[in-house]
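# A look at the structure
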Amino acid sequence: MSLRGEMAQQHNVMDRKKLCCSICLDLLKDPVTIPCGHSYCMGCIKSHWNEEDQKEFHSCPQCRQTFRPRPALVKNTMLADLVEELRKTGVQVALADPCYAGPEDVGCDFCTGRKLRALKSCLQCLVSYCEQHIQPHYESPAFEKHKLVNPSKKLQENICHHHGEVMKIFCRTDQQCICIICSRDEHKDHDTVLASTERAERQGELGTSRQRIQQRIQSREKDATALQQEVEVLNRSADKVVKNSEKTFTQLVRLCKSRSSDVKQQIRSRQKTEVSRVMELQEKLQREIAELRRRDAELKQLSRTEDHTQFLQNYPTLSCLSGAPNSPTNDSLPLHYFEDVTAVVSEAREKLQDILSEAWTKISEPEVDVMRPQPEPKTRAEFLQYSCQITLDPNTANVRLLLSEGNRKATVTSEKQLYPSHQDRFTDMFQVLSRGSVSGRHYWEVERSGCEVSVAVTYKDISRTGYESGFGNDDKSWALECFSNSYEFRHNNFKTFISGPQSSRVGVYLDHSAGTLCFYSVSATMTLLHRVQTRFTQPHHQGLGVFASHGNGSAAVFSTLE
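The text that follows walks through the structure, step by step, so that each part is easy to find. (Residues numbered from 1 in each chain as written. Predicted model: local features only at pLDDT ≥ 70, side-chain atom pairs only at ≥ 80, totals over all residues. Heavy atoms only, no water.)

For the rest of this paragraph, the subject is the nonpolar core. Counting 36 residues, the largest nonpolar core has Val432, Trp444, Trp478, Leu480 and Leu517 as its most contacted members. The next biggest cluster of nonpolar side chains, apart from the first, holds 22 residues, and it includes Cys160, Cys171, Cys179 and Tyr315. (Core = buried A, V, L, I, M, F, W, Y, C linked by side-chain atoms within 4.5 Å. Buried < 20%, exposed > 50% of the residue type's maximum accessible area, 1.4 Å probe, protein only.)

In structure tokens:
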């Protein structure tokens, strides 16, 4: 389109704007000009004034100037000619405001013909207005005290059915919104307050309800994640045992071939049963999470409602939070179900058919001890049954660490210790390992003093130099870093912030075969700080890291447990 054409079209749009009726927002039909100078369709202004006939005066819909008596209307022939000329051009241009109300929108109650989308609703007028018709509420002092809210289709629900008055009062006795006449009549002796006052109090309760829902969502999401991890471990464990058992049974040729098929079928059946159970719990959690999200979204939308009456009428049903069912737990569900089957099958290979029959009996029983590890300790007395005495290996200690108390304590010093050269020594990190490795079930405690202490378990082949030698910076070590007022768990260079009670003593529980590693804050009670569930492939060494960020003297010691 040429520049001249664009200018002509813009000019045409301007003409249409000037020649549109502000009531119907369309081109003027039989235009008339009233005494204040504004022009309207003759039918539109007549309809408007007919509604004002009960008043002593009539007003202009745009400037609100009043006339008395009602002005006589005469067709403006000049405007009529201009409108007709514009119609004949045939140029289709959008009207001044294309924002017409759709099926889901609130329409302007003041518009005639096709209604524009309402911009605001007035709680005093109980009418919704478009951008043009709302202007008197902004400009005229007469509307200064009117309450404007976002457009609402439910304005009539704010009217008392008995008295036709706006319900601005809340009866706490009957828990309902009422009008001023109701408060003086059937609710005379009741406990009543302004709806806005009650809304303010309920708004605070709504925030608490949302917080509870969000906390429950987080809890359920955590449970759902744990269940998904269990599904993955179940599948990996089952797949691995199937592979190993097939290899072993192949070596037994014909004698073992039939039993190989039976074992595979038994494992798959158990896998299917366990996975089905876990998936059912997972689906249940997802449904509850979805419902909680829906409820939270409704409460969020309700919290933004500016209409007090709507808020109070909807709040009781939306804020009610049903009791939470018992959350599924993994405490009784092992994460290594089938690994010992491999050992049983290997034993069967050596003892042939007699042992094979005994092994089949063990595998096919519903509750086989080898399939489920022993339950974890719950009390400190139970943990102490697995206590072990630990000594540190001087050949691994960084030269800035002084070992004492029978090589159970490590203290940061400013002077380098005269340790002999050794390939196992940490050169860059203030760390030290235990002398011997551990497997099976063990518990120990570390007493710390100073700013930062790292309590770790690690494979022996961890790097001794560089960044990767730091506990938790690779996939060979798991470490709890204890700061002055917080904790942080590290593994494979991934950090997890942990909040928990501060204590100078940290307890560590390790079940090597079950792949369980737990860290506890130990004081008068034991509080779980972090739990690891994985598969360990090598024996572990205990590790200590002691760091002095505010000078020397920081220390950590393996406690002597009675």
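Right, picking up where we left off after that structure.
Tracing the backbone shows His58 in strand 3 (residues 58-59). On the basis of relative accessibility, which here comes to 7%, the residue His58 falls in the buried class. In contact with His58, not counting residues within four places along its chain, are Trp49, Glu52, Asp53, Gln65, Thr66, Phe67 and Arg70. (Helix = DSSP H or I, 4+ residues; strand = E, 2+ residues; numbered from the N terminus. Contact = heavy atoms within 4.5 Å.)

The side-chain alternation of strand 11 (residues 401-404) yields one buried face, formed by Leu401 and Leu403, and one unburied face, formed by Leu402 and Ser404. Note that strand 11 and strand 12 (residues 409-412) share four bridges and pair antiparallel. Within strand 12, the residue paired with Leu403 across the bridge is Ala410. Linking strand 11 to strand 12, which pair antiparallel, is a turn of four residues; within it Glu405 sits at a positive phi near 50°. (Pairing = 2+ DSSP bridges.)

With respect to the helices, strands and loops of the structure, Glu165 is situated in the loop between strand 7 (148-149) and strand 8 (169-171). Accessibility expressed as a relative area gives 36% for Glu165, which makes it partly exposed. The sequence separation of Glu165 and Ile181 amounts to 16 residues, and the corresponding C-alpha distance is 7.8 Å.

To continue, consider unusual backbone geometry. Following Arg68, the chain continues to Pro69 via a peptide bond in cis, the omega torsion being 5°. Residue placement: Pro69 occurs in the loop between strand 4 (66-67) and helix 3 (77-89). With a phi close to 60°, Asn407 is a non-glycine residue in the positive phi region. In this structure, Asn492 is a non-glycine residue whose phi angle is positive, near 55°. Within the secondary structure layout, Asn492 lies in the loop between strand 17 (487-491) and strand 18 (494-498).

Moving on, we get to the sheet that holds strand 12. Across a sheet, strands are paired by hydrogen bonds formed along the backbone, either parallel or antiparallel in direction. Read across the sheet, seven strands follow the order 11-12-23-14-19-20-21 without closing on themselves; strand pairing throughout is antiparallel. Each end of this open sheet is capped by a strand with a single partner; those strands are strand 11 and strand 21 (526-533). Averaged over neighbouring strand pairs, the angle between their axes works out to 20° when direction is ignored. In terms of strand pairing, strand 12 meets strand 23 (residues 555-558) through three bridges, oriented antiparallel. Looking at strand 23, one finds that Ala410 is bridged to Ala556. (Axes fitted to C-alpha atoms, helices over the stretch in contact; angles between N-to-C directions.)

For helix 2 (residues 42-51), the full list of buried residues reads Met42, Cys44, Ile45, His48 and Trp49. Each buried residue of helix 2 sits inside an arc of 165° when the element is viewed along its axis, so together they form one side. Lining the buried residues of helix 2 we find strand 1 (31-33), strand 2 (39-41), strand 3 and strand 4. (Arc of directions from axis to C-beta.)

Below, the discussion takes up the state of the cysteines. According to the stated counting rule, one finds zero disulfides in the structure shown. Of the cysteine sulfurs around Cys160, a residue in no disulfide, the closest is that of Cys182, at 3.6 Å. (Disulfide = S-S within 2.5 Å.)

A few words now on the pattern of salt bridges. Pairs can form between side chains of opposite charge once their charged atoms are near each other. Going through the model one piece at a time under the given rule, you end up with 22 salt bridges. The residue Asp511 makes a salt bridge to Arg441 at a minimum N-O spacing of 3.4 Å. Of this pair, Asp511 sits in strand 19 (residues 505-511) while Arg441 is found in strand 14 (residues 441-449), placing the two residues 70 residues apart along the sequence. (Salt bridge = Lys/Arg side-chain N within 4 Å of Asp/Glu carboxyl O.)

Now for the pairing of strand 18. Taken residue by residue, a regular strand's side chains alternate between the two faces of the sheet. Pairing of strand 17 with strand 18, which is carried by five bridges, proceeds in the antiparallel orientation. Within strand 18, the residue paired with Tyr487 across the bridge is Ile498. Taken together, strand 17 and the strand that follows it, strand 18, pair antiparallel across an intervening segment of two residues, in which Asn492 is found at a positive phi of about 55°.

Turning to the sheet that holds strand 8, a few remarks are in order. The strand order across the open sheet built from three strands is 9-8-10, with neighbouring strands paired in antiparallel fashion. Edge positions in the sheet fall to strand 9 (176-178) and strand 10 (192-194), since each has one partner strand and no second. The average angle at which neighbouring strand axes cross in this sheet is 35°, direction not considered. Sheet topology note: the strand 8/strand 10 ladder contains three bridges and is antiparallel. Looking at the pairing, Ile169 lines up with Leu194 of strand 10.

A few words on the side chain of His48. As for its placement among the helices and strands, His48 is situated in helix 2. The class of His48 is buried, set by a relative accessible area of 10%.

As a further point, take the packing of aromatic side chains. Scanning the model with the defined rule gives eleven aromatic pairs in all. Ring centres of Trp49 and Phe67 lie 6.4 Å apart, and the angle between their planes is 70°; this geometry places the pair in the edge-to-face category. Note that Trp49 is positioned in helix 2 and Phe67 in strand 4, a separation of 18 residues in sequence. Each member of the pair, Trp49 as well as Phe67, carries the same accessibility label: buried. Here Tyr459 and Trp478 contribute two aromatic rings whose centre-to-centre distance is 5.5 Å and whose plane-to-plane angle is 80°, an arrangement assigned as edge-to-face. Highlighted residues: Tyr459 in the loop between strand 15 (452-458) and strand 16 (477-482) and Trp478 in strand 16, separated in sequence by 19 residues. (Phe/Tyr/Trp six-rings, centres within 6.5 Å; stacked < 30°, edge-to-face > 60°.)

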